[in-house]
Amino acid sequence: MERVGEIIEASTAGFVAQCYELYCSPPLGSLVRTRDGEVELYGIVYHAATGSLEPGRRPIARGKDEASEEEIYRSSPQLAKLLISEFSALVVGHKTGDALHHYLPPNPARIHAFVYQCPPDEVREFSRSLAFLTILANAHLPVSTDEVIAAALRRMGQAHDDPHSFLVAAGKELSLLFSGQFNQLKSILGRLK
Amino acid sequence: MTDRLGIVVAGSLEKGVEVRLDGPVSVEDMAVGRYVTIEGRKQRFFGMITDISLGVTDERLTLTPPDVSDPFVAEVFAGTSAYGTLHVLPMLTIGGDAATLIEGPQPVKTVPAHFSPVKEASQRDVELVFGSEDERRFYVGTPLDMETKICLDLPELVKRSNGIFGKSGTGKTFLTRLLLVGMLQKSAAVNLIFDMHNEYGWAGTSEGGRPVKALKQLFPSKVAVFTLDEESSRRRKVSTDFAVRIGYDEIEPEDMVLLRQTLNLTEQAVEAIYQLRRRLGKNWLEQASDMPDSEETGELLKELSIHEATFQNLRRGLATIRRLPFIQSQAPDNAVRRILEYLDRGINVVLEFGRYTDITAYILVANLLTRRIHAQYRERMEKALGEDAAKPTPLVITIEEAHRFLNPELASQTIFGTIAREMRKYNVTLLVIDQRPSGIDTEVMSQVGTKITCLLDNERDIDSVLAGVSGKNALKSVLARLESKQQALIFGHAVPMPVVIRTREYGSPQSYKELLATGRGGERQAEKDIEELWG
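Just so it is clear, the model here is predicted, and its values are computed rather than measured.

Caption draft 1: The overall build of chain B, seen in detail. Each helix and strand in chain B was counted, giving 21 helices and 23 strands. C-alpha atoms of chain B, sized along the principal axes, occupy 95 × 70 × 50 Å. Across chain B, contacts joining residues at least 24 apart in sequence account for 70% of those joining residues at least 6 apart.

Dropping the structure here:
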């Protein structure tokens, strides 16, 4: 299982993790997993950012005399240590023992807990129920909810043997969730393909 | 196919229940008139689809429809935001409580609970409701889109008067033939058929011009063909058993009353008939029409206070009757007695009218014969009650163009009105065939036990056929949507609930074979019964 980062900020609803490698955050909408003692927490990546390690120190443009982007990093190797990538995930479920629950865990994740990207088998297992969509639909995120939902479903679809029927089932679930917001529903459906 | 169609979401006993279709089920696969079962918590309901409609959860969908050319979007919306609903009329409960287990399906007294699953009725369900073919039940057709046989309990059917209705060309005659074949085989009744268009005794033709066998060809030993027009019968190569002739002296004033409209007689002329009969005796018709324009006649008319114009009006009417060739001054044989002889032997009688398809002849003959036969039956029945003698065999009289006899003006006077009302007390019932049921007296219509109706599209006809049926409005939409061929709606006494059938095939060699096979099976059954009884 691929370890993708370590938690540096956690709350009941979500967590922020720092990547071990620059630019190596899991893609938008992917399902990640971390652990709080016996409880395994599942999150969906909704935001990723790369910036300076120190908040007061802004990066400056360095490539004026370089031929390519790669050359910049090669000539200034300290950059990889001064910049960091981090990502945020929304907690959408947890697992105690063998039981999967598509609702919030009793406690938030711990700082420095490792975050793993879920393999397709686990994604398939988790997405057997679409109840997590309610949490996503009701979250207040810095990114558009429509985009996150669509990205998450697209990625989950890839883990299924029949992505089309998974997406149709998810679409039907969404049409119930967004029965009063027809335009939003239409925009999500448009992003599912 | 017992796949789930949807769930009950609303409804009432009177108006039927609303069923929301599941996503994968297409409204286009549904059809009005089809059967469904509803799995309530304690009972199973059996009902019929009476309407199909479309619904959306959000009104905006109808204003800015989604792009359904994208199959994904179409698939997502189907059954969720945009869904189909069925309107189902629950009719019976099957299984569940003790009563339905013992006595079979019971009429519904409640509706299924919210969100009860609805399934397409299985063959077994339909069989449970309508029974399977046996020595009492006759297979008349299949429900729409199903292979199950719908059977009518014929001994039960003939206990009441029955009606076959439908626009012309919708298959009334074929249905009647089929039903008559069934009665011949499975009911204890004998038939007397007033065959206006010569279709039931010997060969008839289908709409396509194909010749179709009729009763006597299929059951030569059980059917006798009587004719009013030997010449026409001979030309059509029909082997007839008896030529019916009617003597002047057999015509009674009551027979004339019915002809008032067709002969254009005035009220006074009808009065005059009674007076003439009283004065002139049995031979009144001949004497009255032969009266010379003498003073003597004038005296007589004056004495009876019959006005000259009235008398002329009457004479014109009588002349029309005398022109009918089968009416003679002296009939060589008594037609009524001969018919009764045959009927008593269990032989069914078809009376062909040959070329005399004119309604005057039909009304006159049908009424005249039926009145006398009914009187005989009445007498025998009363005797049977008093002396414990054998009751006469149940008789079914088939009449066409029934609205001419049973219209509100005449229904109280004709014998057919009496039979329809008295029903089975005297073991005589009617099989009424008509294309304008609205012309039939409502009182008579209300006494018709089982109604079999093909397509009707006149509002008044539909109303009169469905009068007094529960769920009338729902059935109305079913009736108006019948196909114009080979489809009929049956409801009333002999069926547990209204049913739309695709009529059993009649007219191909295979169909004759099947019809005869069931008949022979019945005979074999009878032989077996006798064997068992006597060892």
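Caption draft 2: Fine view of the overall build of chain A. Secondary structure summary: chain A contains 7 helices and 7 strands in total. If you list the helices and strands of chain A from N to C, you get β-β-β-β-α-α-β-β-β-α-α-α-α-α. Its C-alpha atoms put chain A at 55 × 40 × 30 Å along the principal axes. A separation threshold of at least 6 residues defines the contact pool for chain A, and within that pool the share at least 24 residues apart is 70%.

Caption draft 3: Summary view of helix 5 (residues 145-159) of chain A. The terminal C-alpha atoms of helix 5 of chain A lie 22 Å apart, and with 15 residues this matches the ideal 21 Å at 1.5 Å per residue to within 8%. Listed in full, the buried residues belonging to helix 5 of chain A are A:Val148, A:Ile149, A:Ala150, A:Ala151, A:Ala152, A:Leu153, A:Arg155 and A:Met156.

Caption draft 4: Layout of the pairing of strand 3 (residues 35-39) of chain B. All names here are of chain B. In terms of burial, strand 3 is largely enclosed, as 4 of its 5 residues are buried. Of the strand pairs in this sheet, strand 3 and strand 4 (residues 44-56) are connected by 5 bridges, and their pairing is antiparallel. Paired with Glu39 across the bridge in strand 4 is Arg44. Following strand 3, the chain reverses through 4 residues before pairing antiparallel with strand 4. Pairing of strand 3 with strand 7 (residues 117-120), which is carried by 3 bridges, proceeds in the antiparallel orientation. What sits directly across from Thr37, in strand 7, is Lys119.

Caption draft 5: Focus on the pairing of strand 5 (residues 82-94) of chain B. Residues and elements named next belong to chain B. Of all the 13 residues making up strand 5, 12 are buried; the element is thus mostly covered by neighbouring parts of the structure. In the sheet, strand 2 (residues 16-21) pairs with strand 5 via 4 bridges, with the strands oriented antiparallel. Pairing of Val19 across the sheet is with Leu86, part of strand 5. Sheet topology note: the strand 4/strand 5 ladder contains 12 bridges and is antiparallel. Across the sheet, Val56 pairs through a bridge with Ala82, a residue of strand 5. Strand direction decides the pairing type here: strand 5 and strand 6 (residues 106-107), joined by 2 bridges, are antiparallel. Each bridged residue has a counterpart across the sheet, and for Leu92 the counterpart in strand 6 is Pro107.

Caption draft 6: Spotlight on the environment of B:Arg60. Looking at where B:Arg60 falls in the secondary structure, it is placed in helix 1 (residues 59-63). Between the C-alpha atom of B:Arg60 and that of B:Thr320, which follows or precedes it by 260 residues, the distance is 73 Å.

Caption draft 7: Seen up close, the interface of chain A and chain B. Counting residues at the interface gives 12 residues for chain A and 13 residues for chain B. Elements supplying a minimum of two residues to the side of chain A that touches chain B: helix 6 (163-177) and helix 7 (182-191) of chain A. Considering every element that reaches the side of chain A that touches chain B, the biggest residue donor is helix 6 of chain A, with 6 residues. Class assignment for the residues of the side of chain A that touches chain B results in 5 nonpolar, 4 polar and 3 charged.

Caption draft 8: Geometry of the sheet that holds strand 18 (residues 348-352) of chain B. Residue and element names in this part refer to chain B. Across the sheet, which stays open at both edges, the 12 strands sit in the order 9-8-23-22-21-10-20-19-11-18-14-15 with mixed pairing between neighbours. In this open sheet, the two strands that pair with only one neighbour each are strand 9 (150-153) and strand 15 (242-243). Sheet topology note: the strand 11 (residues 190-195)/strand 18 ladder contains 4 bridges and is parallel. What sits directly across from Asp195, in strand 18, is Glu352.

Caption draft 9: Looking closely at the packing of helix 16 (residues 359-387) of chain B against helix 17 (residues 415-422) of chain B. Residues and elements named next belong to chain B. The N-to-C vectors of helix 16 and helix 17 enclose an angle of 45°; their axes lie 9 Å apart at closest approach. Comparing the axis directions of helix 16 and helix 17 gives the class oblique. Across the interface between the two elements, Asn367, Thr370, Arg371 and His374 from helix 16 touch Ile415, Phe416 and Ile419 from helix 17.

Caption draft 10: Representation of the domain arrangement of chain B. Residues and elements named next belong to chain B. Segmentation of chain B into domains returns domain 1 (4-129), domain 2 (152-237 + 332-525) and domain 3 (249-322). Relative to domain 2, the C-alpha centre of domain 1 lies at a distance of 37 Å. Residue-level contacts link 11 residues of domain 1 with 9 residues of domain 2. Secondary-structure elements contributing two or more residues to the side of domain 1 that touches domain 2 are strand 4 and strand 5. Within the side of domain 1 that touches domain 2, the residues separate by chemical class into 7 nonpolar, 3 polar and 1 charged.

Caption draft 11: A look at unusual backbone geometry. Residue and element names in this part refer to chain B. Phi angles above zero are rare outside glycine, and Asn198 is one such case at about 55°. Among the secondary structure elements, Asn198 is positioned in the loop between strand 11 and strand 12 (204-205). At Asn427, a position not held by glycine, the phi torsion is positive, near 60°. For Asn427, the location among the structural elements is in the loop between helix 17 and strand 20 (428-434). Take Asn427: there are 20 C-beta atoms within 10 Å of it, and that puts it in the buried class.

Caption draft 12: Representation of the nonpolar core. Counting 199 residues, the largest nonpolar core has A:Ile44 and B:Ile399 as the members making the most contacts within it. In terms of residues, this core owes the most to one element, helix 16 of chain B, which gives 10 residues. Sequence-distant contacts of A:Ile44, that is, excluding residues within four places in its chain, are made with A:Gly29, A:Leu31, A:Ala89, A:Leu90, A:Val92, A:Leu136, A:Val148 and A:Ala152.

Caption draft 13: Layout of the environment of B:Gly33. All names here are of chain B. When you line up the elements, Gly33 lands in the loop between strand 2 and strand 3. By the C-beta count within 10 Å, which is 22 here, Gly33 ends up buried. On a C-alpha basis, the gap between Gly33 and Met183 in space is 27 Å, while along the polypeptide they are 150 residues apart. In this structure Gly33 touches Met48, Ile49, Leu144, Val478 and Val500, once residues within four positions along its chain are discounted.

Rules of the game
- Residues numbered from 1 in each chain as written.
- Chains lettered and ligands numbered in written order.
- Predicted model: local features only at pLDDT ≥ 70, side-chain atom pairs only at ≥ 80, totals over all residues.
- Helix = DSSP H or I, 4+ residues; strand = E, 2+ residues; numbered from the N terminus.
- Contact = placed C-beta atoms within 7 Å.
- Expected span 1.5 Å × (residues − 1).
- Buried ≥ 20, exposed ≤ 12 C-beta atoms within 10 Å, placed from the backbone.
- Pairing = 2+ DSSP bridges.
- Nonpolar A, V, L, I, M, F, W, Y, C, P; charged D, E, K, R; others polar.
- Axes fitted to C-alpha atoms, helices over the stretch in contact; angles between N-to-C directions.
- Parallel < 35°, antiparallel > 145°, perpendicular 65-115°, else oblique.
- Domains from an automatic or database assignment.
- Core = buried A, V, L, I, M, F, W, Y, C linked by C-beta atoms within 7 Å.

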